Amino acid sequence: MDEPGFKAIERGEQRGFGPRAVLVCGFSQAEADALRLFLDQIGIADARLSLVSEAMLAMNLGQALQAEQGQDAIAMDKLPRVLIFSGLSGGEATP
């Protein structure tokens with residue numbers, strides 16, 4: 001297994017594992033809306049974008065990426081700021 005830490009995304013066309021989705025942690029709804037606009041502008045309009053909800057905390061990552069965002073999104077100051085990208089190619093993730 002690789003050492004933990006940052007790993008740069010390489011440009012390419014091979015898609016990553018999982019559904020085309022972005023899981024948003026520690027951001028406000030307004031910031032998530034701005035991210036949605038950005039994704040649309042760079043051609044990733046079909047990726048689901050969800051703020052982490054209370055229900056997602058009881059799920060594994062795969063389940064959370066597949067889940068619909070509920071009304072119980074966690075307040076931005078309760079989680080670290082993290083974006084989890086799933087199912088995108090390196091070329092899409094690094095425009």
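Look above for the structure.
Residues numbered from 1 in each chain as written. Predicted model: local features only at pLDDT ≥ 70, side-chain atom pairs only at ≥ 80, totals over all residues. Heavy atoms only, no water.

Draft legend 1. View of the side chain of serine 50. Among the secondary structure elements, serine 50 is positioned in strand 2 (residues 48-51). Every residue in contact with serine 50, bar those within four places of it in the chain, is listed here: Val22, Leu23, Val24, Met56, Ala67 and Gln69. (Helix = DSSP H or I, 4+ residues; strand = E, 2+ residues; numbered from the N terminus. Contact = heavy atoms within 4.5 Å.)

Draft legend 2. Local environment of the packing of aromatic side chains. Applying the stated rule across the entire model yields 0 aromatic pairs. Sitting over the face of the ring of phenylalanine 27, arginine 81 holds its NZ or CZ atom 3.9 Å from the ring centroid. (Phe/Tyr/Trp six-rings, centres within 6.5 Å; stacked < 30°, edge-to-face > 60°. Lys NZ or Arg CZ within 6 Å of the ring centre and 35° of its normal.)

Draft legend 3. Quick peek at the nonpolar core. With 11 residues, the main nonpolar core is built from Val22, Val24, Phe27, Ala32, Leu35, Leu39, Ile44, Ala47, Leu49, Leu51 and Leu88. Of all the secondary structure elements, the ones that give two or more residues to this core are strand 1 (21-25), helix 1 (29-41) and strand 2. Ranked by residues supplied to this core, first place goes to helix 1 with 3 residues. Beyond its immediate chain neighbours, meaning those up to four positions away, leucine 35 contacts Val22, Val24, Leu49 and Leu83. Counting residues in each nonpolar core, the second largest holds 9 residues, with Val52, Ala64, Leu65 and Ile74 among its members. (Core = buried A, V, L, I, M, F, W, Y, C linked by side-chain atoms within 4.5 Å. Buried < 20%, exposed > 50% of the residue type's maximum accessible area, 1.4 Å probe, protein only.)

Draft legend 4. Region of interest: the environment of arginine 36. For arginine 36, the location among the structural elements is in helix 1. Arginine 36 sits 14 residues away from valine 22 along the chain, and the two C-alpha atoms are 9.5 Å apart. If near-sequence neighbours (up to four positions away) are discounted, arginine 36 is found in contact with Ile44, Ala45, Ala47, Arg48 and Leu49. A polar side-chain atom of arginine 36 sits 3.1 Å from the main-chain carbonyl oxygen of isoleucine 44. (Polar contact = N/O pair within 3.5 Å; in protein donor to acceptor, adjacent residues only side chain to side chain.)

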